[in-house]
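Commentary on secondary and tertiary structure
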Amino acid sequence: MEHIKKGTPNPWDSLRLLELEFGEWSYWPGSFDPDEETDDANDTFKHLPPAVTSFDLRLPDLEGLRHRPTACLRIPEPYIHRFTTLRLELNWEATAALKVLEECVDLETLIFDFRRDCFDCKEIPYTNRLRRDGILLPKLRTLRLEHASVCDDFLRFLRTPSLSELDLSFEPMMNTFDEGQADEAPAEFGSDLVSFIQRSQCALRRFRIHYLSFRVNYDKSILDTILSCLPTLTHLTLDTVTFDGEDFWLLEQMRQDPLPNLEVFELLNVPYFVPFFDPSYIAGFIDASLLNLMNIRYMSSKGT
């Protein structure tokens, strides 16, 4: 690092991908306060490799800490404006993360790992403005949310007109499948997702939902609400998703050509012991879509 600070050319300068993972915070009361605007706080990423375009930052939990260390997310403009791929892993107050995203004007891929904690932001004029106007990411094509919680309102902060791939995973941190552990989609989940798509005015091509349950009978099916607003979809993956299959029957009845551009349909890890899952509804949907559907993959939790 001393060599880097002197500005001498070295192999570090050519790095394009950088992954940083921190295991724990070293902080005691009375020592450096990372929330203060100091020169040290702004030096955190002062010596990033100048060619980095893909940045992966994994931050530890805040258990036992009195202050929220936002300094670790103060990335200087010369670097942050070059990022085309960004992966953030954190589960604490996320106002600083929003400030990072607002500066990523050239971002094409965003992966946000919530570690199963809710996306929590301070109620301040800055975040209220972002909730109203949204963060415009004009070049973003791929958005993946990992270990998310269905109560998160993360998507309400974004506008992504170029988005073509959306991956939503609600899997717990422990990689074990138990139908009872899967979160149940709340009533507003479908409308929130549709609002995000319409606000962004994007033409989504690939869509994946992972580890979620659609088991409550509302007046209008949540899954039906979502799929009905995705006419440009070519790839659909439902992985470890519980539902009764009637969603696809409703979609078929609603219009003559459901999901008219769909080419690949993956139905993976369907719990074989769910009594209300009726494959005949899926069969009817496939029959109505055979003109374009080129690849169908079905796998129950037994692997069949």
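Look up a bit, the structure's there.
Notes on the structure follow. (Residues numbered from 1 in each chain as written. Predicted model: local features only at pLDDT ≥ 70, side-chain atom pairs only at ≥ 80, totals over all residues. Heavy atoms only, no water.)

Some details on the overall build of the protein chain
Scanning the protein chain from N- to C-terminus turns up 8 helices and 13 strands. The buried share of the protein chain, taken over its 304 residues, is 48%. Of the contacts made within the protein chain by residues no fewer than 6 positions apart, 78% connect residues no fewer than 24 positions apart. On the protein chain, roughly 15300 Å² of surface is accessible, and the fraction owed to carbon and sulfur atoms is 49%. (Helix = DSSP H or I, 4+ residues; strand = E, 2+ residues; numbered from the N terminus. Buried < 20%, exposed > 50% of the residue type's maximum accessible area, 1.4 Å probe, protein only. Contact = heavy atoms within 4.5 Å. Areas by Shrake-Rupley, 256 points an atom, 1.4 Å probe, with all protein chains shown as cover.)

Observations regarding the pattern of salt bridges
For the structure on display, the rule yields 13 salt bridges. A salt bridge links Asp56 to Arg58; the shortest N-O distance between them is 3.1 Å. Overall, Asp56 belongs to the buried group, its relative accessible area being 7%. Residues joined in a network through salt bridges with shared partners are Asp56, Arg58, Arg87, Glu89, Asp113 and Glu146. (Salt bridge = Lys/Arg side-chain N within 4 Å of Asp/Glu carboxyl O.)

A short note on the pairing of strand E8 (residues 165–169)
With 4 of its 5 residues buried, E8 lies for the most part within the structure. Bridge count between E8 and strand E10 (residues 206–213): 5 bridges; the pairing is parallel. Across the sheet, the residue bridging to Glu165 is Arg206, located in E10. (Pairing = 2+ DSSP bridges.)

Describing the nonpolar core
One finds Leu143, Phe154 and Phe207 to be the most contacted residues of the largest nonpolar core, which totals 73 residues. When residues of this core are assigned to their parent elements, the largest contribution, 5 residues, is made by helix H3 (residues 95–103). If we ignore the near neighbours within four places in the chain, the residues touching Phe154 are Leu101, Leu110, Phe112, Phe114, Phe119, Leu143 and Leu145. (Core = buried A, V, L, I, M, F, W, Y, C linked by side-chain atoms within 4.5 Å.)

What to know about the side chain of Thr142
With respect to the helices and strands, Thr142 occurs in strand E6 (residues 142–146). A relative accessible area of 11% places Thr142 in the buried class. Discounting chain neighbours no more than four positions away, the residues touching Thr142 are Glu108, Thr109, Leu110, Leu163 and Glu165.

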